[in-house]
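Chain by chain, the residues run as shown.
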Amino acid sequence: MSEDQTVPCCATTRAAACGDPGAATGVVAAGASCCGPSDASVTDDDTVAAQTVGVAGQAGRVDGPHPVVVIGAGPVGLAAAAHLHERGLPFTVLEAGPSAGAAVAEWGHVRLFSPWRYNIDHAARRLLEAAGWAAPDPETLPTGADLVEAYLRPLATLPQLAPHVRYDAPVTAIGRVGVDRVTTAGRENTPFVVRLATGQDVLASAVIDASGTWRTPNVLGATGLPAHGETDPQTAMLIEGALPDVLGADRDRFAGRHTVVVGAGHSAANTLLALAELAEQEPGTTITWGTRGGSIDRALGGGDADALPGRGALGTGIKLLVDSGRVQLVTGFAVHTVAAAGRHAELTAADGRILTADRIIAATGFRPDHTIAAELRLDLDPVLGCTRTLAPLIDPNEHSCGTVRPHGVDELTQPESGYFAVGMKSYGRAPTFLMATGYEQVRSITAAFAGDWTAAHDVQLDLPETGVCSATRGYAAMLDDAAARYGLAPDTPGQLISAALRHLPLAGTVAAATRAAAAELGLDPDVALQLAALAGDQFDTVDQDPAGDGRPRAELGLVTVSSGGGCCG
């Protein structure tokens, strides 16, 4: 309901909003919420059956006294709230954390690979700008912390949204009032019941699940099952999730210690680069990188085996860390067992090899958790865990995040009418998600809830493949950050790369060329290698040896990296 719409809290309106079926007509369209956006739909178990029907029927339109419940107050969840507000539909947002963007804040030190212009939902922008909000520079790449402080929190505190957002409200289950998954008769006209960890039940006309996948990372075990011993409490204390703040809040856990990073995507690459920088600052810091693939090229992508278009050119930088000896690479390491050995951890591969570490970082990606929807009728793709219609559109073997075409209500519809998983969760195990794609998902779905099928079917997205989820731009920004931390002039990295490219024909390898360039410019060679690793993609601009002898880039140690998850936050 817009600010200038006023619905008097008269007996008829209150009755419609709080459970009188005879008074319900037209109230939802007017956005009536006299009974309060949350408490009106919270009920004890013994009163659930007395609530009236008003749900998303087979045609999709939301009707009746209950709000649309949005699970999660992250970027896509708050975008859904903004679109629901614009459509005049009542809504309640349930956020498990203490504030908007709580999960994003946990990787706040990480820089996104997409600039601000692709990270702000259109409906959210309209609400913010009407309140006097000044948008960030559209071409700047924000960190996760920037996203929270400059966008999500200002959005969540707007008077149009704030009263409808509940914090510290984790959802434990979703069902239908009075029926289980087996019951068919009248199912689509029965309200949803969303159960909270407190035991409260929130009734809903429809559910938009934007809870994401951050809390459900993939395991270390190569089979997809936890490695033997992985969940033992003593061992688990030595295992970190993806993207720890190595150079900031988590620094003491890694400084002067040996860390094994398991994984081969952007999360692993981010962490390896940060650990390499930490190693320059903290003596005794050592790094091992374990990958399941049998060679670095296959682990990172590239060459004839690479069928994924639009991969980010990061592999050269990571390979530079390996070639220079700053990172020990162990390929073909399929983790079978993890065990605590005193204050250390031992990882044992399926072939019997053992790695010993002080800390383990599991940068192995994420998966959706559909257990809260166990009493709903879901038809999931057996490979990715998303809807079957969406699966071929986002298959990471065929697509990068910049090549996924726009999609909405049609591709996300489940047999359970009125339930939609959106955002990162909608992609299942595919790592190709882009925030702008999630924004278009919820725009389409909320249009369907309002009965505007023309808008719901008209899914559009301006996603040029370059510059949207570009690893090149992302690591260029990280390069600037690193130069500042080392106290170097802003133009130093550019001078270093130019000099290294001049030396490359005679040096033969990027590492040797970088050391020669460092000597020429008077830079510490280890610092120069760190900067060159962050700028590694710039060496990929030469398809063959600049000396002209026809050597392919593989002989120069140049590879490219897969998108691996999280390319766009």
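Note that the structure is predicted; figures quoted are calculated from it, not measured.

Student: Looking at this structure, how should I read the pairing of strand β10 (residues 258-262)?
Tutor: Along any regular strand, the residues point their side chains to alternate faces of the sheet. Of all five residues in β10, five are buried; the element is thus mostly enclosed. In terms of strand pairing, β10 meets strand β11 (residues 286-290) through five bridges, oriented parallel. Bridge assignment links valine 260 to a residue of β11, and that residue is threonine 288. Between the parallel pair β10 and β11, the chain is carried across by helix α9 (residues 266-281), and the sense of this crossover is right-handed. Sheet topology note: the β10/strand β16 (residues 359-362) ladder contains four bridges and is parallel. When the bridges of β16 are listed, valine 262 appears paired with alanine 362.

Student: Looking at this structure, how should I read the sheet that holds β16?
Tutor: Backbone hydrogen bonds are what pair the strands of a sheet, in a parallel or an antiparallel way. Ordered by their spatial adjacency, five strands build an open sheet running β9-β16-β10-β11-β12, and the pairing between neighbours is parallel. The open sheet has two free edges, formed respectively by β9 (239-240) and β12 (328-330), since each of these has just one partner strand.

Student: Where do I start with the nonpolar core in this structure?
Tutor: As a rule of thumb, nonpolar side chains are buried together in soluble globular proteins. Judged by nonpolar contacts, the single largest core of 64 residues is most densely connected at Tyr151, Ile208, Ile394, Val422 and Phe449. In this structure, Val261, Ala276, Ile318 and Ala499 belong to the second largest nonpolar core, which totals 43 residues.

Student: Teacher, can you tell me more about the pattern of salt bridges here?
Tutor: Charged atoms that come close allow side chains of opposite charge to pair. Scanning the entire structure with this criterion turns up 21 salt bridges. The salt bridge involving arginine 195 is made with aspartate 201; its shortest N-O contact spans 2.7 Å. Overall, the relative accessible area of 35% leaves arginine 195 in the partly exposed class. Taking the shortest distance from any N to any O, the salt bridge between aspartate 250 and arginine 253 comes out at 3.1 Å. Among the residues examined, aspartate 250 registers a relative accessible area of 14% and is labelled buried. Here arginine 253 falls in the partly exposed class, since its relative accessible area comes to 32%.

Student: Can you walk me through the side chain of arginine 367 in this structure?
Tutor: Within the element layout of this structure, arginine 367 appears in the loop between β16 and α12 (391-394). It turns out arginine 367 is buried and unbridged, and the closest side chain with the opposite charge, glutamate 230, is 8.6 Å from it. A distance of 2.8 Å separates a polar atom in the side chain of arginine 367 from a polar atom in the side chain of asparagine 218. A distance of 3.2 Å separates a polar atom in the side chain of arginine 367 from the backbone oxygen of glycine 224. Beyond its immediate stretch of four places on either side in the chain, arginine 367 contacts Thr213, Thr216, Pro217, Asn218, Val219, Gly224, Gly428 and Arg429.

Student: Looking at this structure, how should I read unusual backbone geometry?
Tutor: Comment: phi is negative for the bulk of residues other than glycine, and the bulk of peptide bonds are trans. Positive phi is not limited to glycine here, since aspartate 168 has a value of about 50 degrees. The phi dihedral of leucine 243 is positive, around 60 degrees, even though this residue is not glycine. Locating leucine 243 in the fold gives a position in the loop between β9 and α8 (251-254). Judged by its relative accessible area of 12%, leucine 243 falls in the buried class.

Student: Explain helix α19 (residues 525-534) here, please?
Tutor: With eight of ten residues buried, α19 lies mostly within the body of the structure. When we look at burial in α19, the residues that qualify are Val527, Ala528, Leu529, Gln530, Leu531, Ala532, Ala533 and Leu534. Near the N-terminus of α19, the side chain that reaches the backbone nitrogen of aspartate 526, with its oxygen 2.7 Å away, is that of aspartate 524.

Student: Honestly, the sheet that holds strand β14 (residues 344-349) in this entry has me stumped. Any pointers?
Tutor: Strands sit in the order β13-β14-β15 across an open sheet of three strands; the sheet is antiparallel. Two strands close off the open sheet at either side, each with one partner strand: β13 (335-341) and β15 (354-357). Taken over all neighbouring pairs, the strand axes of this sheet differ in orientation by 20 degrees on average, direction set aside.

Student: Can you help me understand the pairing of strand β8 (residues 206-209) in this one?
Tutor: Burial along β8 is two-sided: the face carrying Ala206 and Ile208 and the face carrying Val207 and Asp209 are both buried. Where strand β2 (residues 68-71) meets β8, four bridges bridge the pair, whose relative direction is parallel. Among the inter-strand pairings, isoleucine 71 is bridged to a residue of β8, identified as aspartate 209. Relative to strand β17 (residues 419-421), β8 is paired through three bridges, and the arrangement is parallel. Bridging from a neighbouring strand, valine 207 pairs with tyrosine 419 of β17.

Student: When you look at the packing of aromatic side chains in this model, what are you seeing that I'm missing?
Tutor: Two descriptors summarise a pair of aromatic rings, namely the distance from one centre to the other and the angle between the planes of the rings. Evaluated as defined, the whole model comprises four aromatic pairs. For the pair tyrosine 427 and phenylalanine 433, a centre-to-centre distance of 5.3 Å together with 80 degrees between the ring planes defines the contact as edge-to-face. For the pair shown, tyrosine 427 and phenylalanine 433 are each scored as buried.

Student: Just checking my understanding: could you explain helix α18 (residues 510-521) for this structure?
Tutor: A turn of α-helix holds 3.6 residues, and therefore any two residues three or four places apart point the same way. The end-to-end C-alpha distance of α18 is 16 Å, a good match for the 16 Å that twelve residues give at a rise of 1.5 Å each. Regarding α18, the residues found buried are Val510, Ala511, Ala513, Thr514, Ala517 and Ala518. Summarising the axial view, the buried residues of α18 lie within an arc of 160 degrees, below the 170-degree limit, and thus occupy one face.

Student: For this particular structure, what's the right way to read the environment of leucine 112?
Tutor: Mapping leucine 112 onto the fold places it in the loop between α4 (102-106) and α5 (122-130). In this structure leucine 112 comes out as buried when scored by relative accessible area, which is 1%. The spatial distance from the C-alpha of leucine 112 to the C-alpha of glycine 474 is 6.4 Å, given a sequence separation of 362 residues.

Student: Help me out: how do you make sense of the confidence of the model for the protein chain in this one?
Tutor: Detailed reading of the predicted coordinates is not advisable wherever pLDDT is low. For the protein chain, the average pLDDT comes to 82, and 76% of its residues sit at 70 or higher. Confidence over residues 541-569 falls short of pLDDT 50; this stretch has 79 contacts with residues more than four positions distant or in other chains.

Parameters at a glance
- Residues numbered from 1 in each chain as written.
- Predicted model: local features only at pLDDT ≥ 70, side-chain atom pairs only at ≥ 80, totals over all residues.
- Heavy atoms only, no water.
- Buried < 20%, exposed > 50% of the residue type's maximum accessible area, 1.4 Å probe, protein only.
- Helix = DSSP H or I, 4+ residues; strand = E, 2+ residues; numbered from the N terminus.
- Pairing = 2+ DSSP bridges.
- Right-handed = clockwise from strand over helix to strand, strands pointing away.
- Core = buried A, V, L, I, M, F, W, Y, C linked by side-chain atoms within 4.5 Å.
- Salt bridge = Lys/Arg side-chain N within 4 Å of Asp/Glu carboxyl O.
- Lys, Arg positive; Asp, Glu negative; His and termini not counted.
- Polar contact = N/O pair within 3.5 Å; in protein donor to acceptor, adjacent residues only side chain to side chain.
- Contact = heavy atoms within 4.5 Å.
- Axes fitted to C-alpha atoms, helices over the stretch in contact; angles between N-to-C directions.
- Phe/Tyr/Trp six-rings, centres within 6.5 Å; stacked < 30°, edge-to-face > 60°.
- Expected span 1.5 Å × (residues − 1).
- Arc of directions from axis to C-beta.
- pLDDT = per-residue confidence, 0-100.

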